[in-house]
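The lines below spell out each chain.
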Amino acid sequence: MTQSIATASTNRVQTLINRLMTALVALAMAAGVQAAEIALLDQNYVLFNSTAAQEATAALKQEFAEEEQQVQTLEQSIRQLQSKAKTDADIMTDEEKTQLQSDLQQKARNREQLVRQLQQVQNERRSAFIRQHQPLMAKAIEQAVDKDQFDIIIDKQAVIYHRNSLDITEAVLAEFNKLYETQQEESGN
């Protein structure tokens, strides 16, 4: 667990450094290019608020509804055993207490294992979703940019201050959804 926290912290720091470097490069480019049209875009927002993401999320929830129910059942069972341990502690034998503690630990391990498996599947599906829809994202960006003739697009999360008029995230989201729906119609889904 400590290793995953350290890894997550390292990843966040690396992401922040990458964003700052992107912003610095973009600012240097903007300073060198007079009158360049610059826009901001939050690609994660576009991808994960799109119609495609909503459909994928619904499918994932449906696919793993049984496992989610198992997690909830285990959580309820753990709460019941904890309650029993508190209320019946005075009348339980040492053997019963030991057995109850063992049952609690086993259920907690089962729950944690199931949660880890679900998180792993979610992460794998998220990565696959990004890979699958990256070409569509590029096309949506290209079409949105062509309309307004932007020269530079900067990751919105790497920018400290901006005017909302420079943010093309919603326009790209609309274009992405339009392209996705067209793609779905063509494939017969």
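Small disclaimer: the values here were computed from a predicted structure and weren't measured. (Residues numbered from 1 in each chain as written. Predicted model: local features only at pLDDT ≥ 70, side-chain atom pairs only at ≥ 80, totals over all residues. Heavy atoms only, no water.)

Draft legend 1. The arrangement of a negative patch on the surface in detail. On the surface, a cluster of negative charge is made up of Glu55, Glu181, Glu185 and Glu186. Top contributing element to the negative patch by residue count: helix α6 (residues 169–187), with three residues. According to the relative accessible area criterion, glutamate 55 is partly exposed, its value standing at 41%. (Patch = residues over 30% accessible without salt bridge, like charges linked within 9 Å, V, L, I, M, F, W, Y side chains within 5 Å. Areas by Shrake-Rupley, 256 points an atom, 1.4 Å probe, with all protein chains shown as cover. Salt bridge = Lys/Arg side-chain N within 4 Å of Asp/Glu carboxyl O. Lys, Arg positive; Asp, Glu negative; His and termini not counted. Charge placed at Lys NZ, Arg CZ, Asp CG, Glu CD. Helix = DSSP H or I, 4+ residues; strand = E, 2+ residues; numbered from the N terminus. Buried < 20%, exposed > 50% of the residue type's maximum accessible area, 1.4 Å probe, protein only.)

Draft legend 2. Up close: α6. Between its first and last C-alpha atoms α6 spans 27 Å; for 19 residues at 1.5 Å apiece the expected length is 27 Å, and the two agree. Those residues of α6 lying buried are Thr169, Val172, Leu173, Glu175, Phe176, Asn177, Leu179, Tyr180 and Gln184. Buried-residue contacts for α6 involve β1 (38–41), α2 (43–48), α3 (51–63) and α5 (94–148). A positive backbone phi angle near 80° is found at glycine 188, which sits one or two residues after α6. (Expected span 1.5 Å × (residues − 1). Contact = heavy atoms within 4.5 Å.)

Draft legend 3. How the structure looks around the side chain of serine 50. As for its position among the elements, serine 50 is in the loop between α2 and α3. Those residues within four positions of serine 50 in sequence are excluded, and the remaining contacts are Phe129, Leu173, Phe176 and Asn177.

Draft legend 4. Highlighting the packing of α3 against α6. In contact at an axis separation of 8 Å, α3 and α6 are set at 60° when each is read in the N-to-C sense. The angle between α3 and α6 places the two elements in the oblique class. For the pair α3 and α6, the contacting residues are Thr51, Ala52 and Glu55 in the first and Phe176, Asn177, Tyr180, Glu181 and Gln184 in the second. (Axes fitted to C-alpha atoms, helices over the stretch in contact; angles between N-to-C directions. Parallel < 35°, antiparallel > 145°, perpendicular 65-115°, else oblique.)

Draft legend 5. Focus on the nonpolar core. Core analysis: the biggest nonpolar cluster contains 20 residues, and Leu41, Val46, Met137, Ile141, Ile168, Val172 and Phe176 have the highest contact counts within it. Secondary structure elements with two or more residues in this core: β1, α2, α3, α5 and α6. In contact with methionine 137, not counting residues within four places along its chain, are Gln43, Val46, Leu47, Val172 and Phe176. Counting residues in hydrophobic clusters, the runner-up holds six residues, among them Phe64, Leu114, Val115 and Leu118. (Core = buried A, V, L, I, M, F, W, Y, C linked by side-chain atoms within 4.5 Å.)

Draft legend 6. Representation of the environment of histidine 162 within the structure. Structurally, the position occupied by histidine 162 is in the loop between β2 (152–155) and α6. A sequence separation of 122 residues divides histidine 162 from leucine 40, and the C-alpha atoms of the two residues are 8.2 Å apart. For histidine 162, the residues in contact, after removing those within four places along its chain, are Leu40, Lys156 and Asp167.

Draft legend 7. Expanded view of the packing of aromatic side chains. If you walk through the whole model with that rule in mind, you get one aromatic pair. Arranged with centres 5.8 Å apart and planes meeting at 35°, the rings of phenylalanine 48 and phenylalanine 129 form a pair that is tilted. In this pair, phenylalanine 48 sits in helix α2 while phenylalanine 129 sits in helix α5, placing the two residues 81 residues apart along the sequence. Residue phenylalanine 48 is classed as partly exposed on the basis of its relative accessible area of 26%. A relative accessible area of 8% places phenylalanine 129 in the buried class. Sitting over the face of the ring of phenylalanine 48, arginine 126 holds its NZ or CZ atom 4.0 Å from the ring centroid. (Phe/Tyr/Trp six-rings, centres within 6.5 Å; stacked < 30°, edge-to-face > 60°. Lys NZ or Arg CZ within 6 Å of the ring centre and 35° of its normal.)

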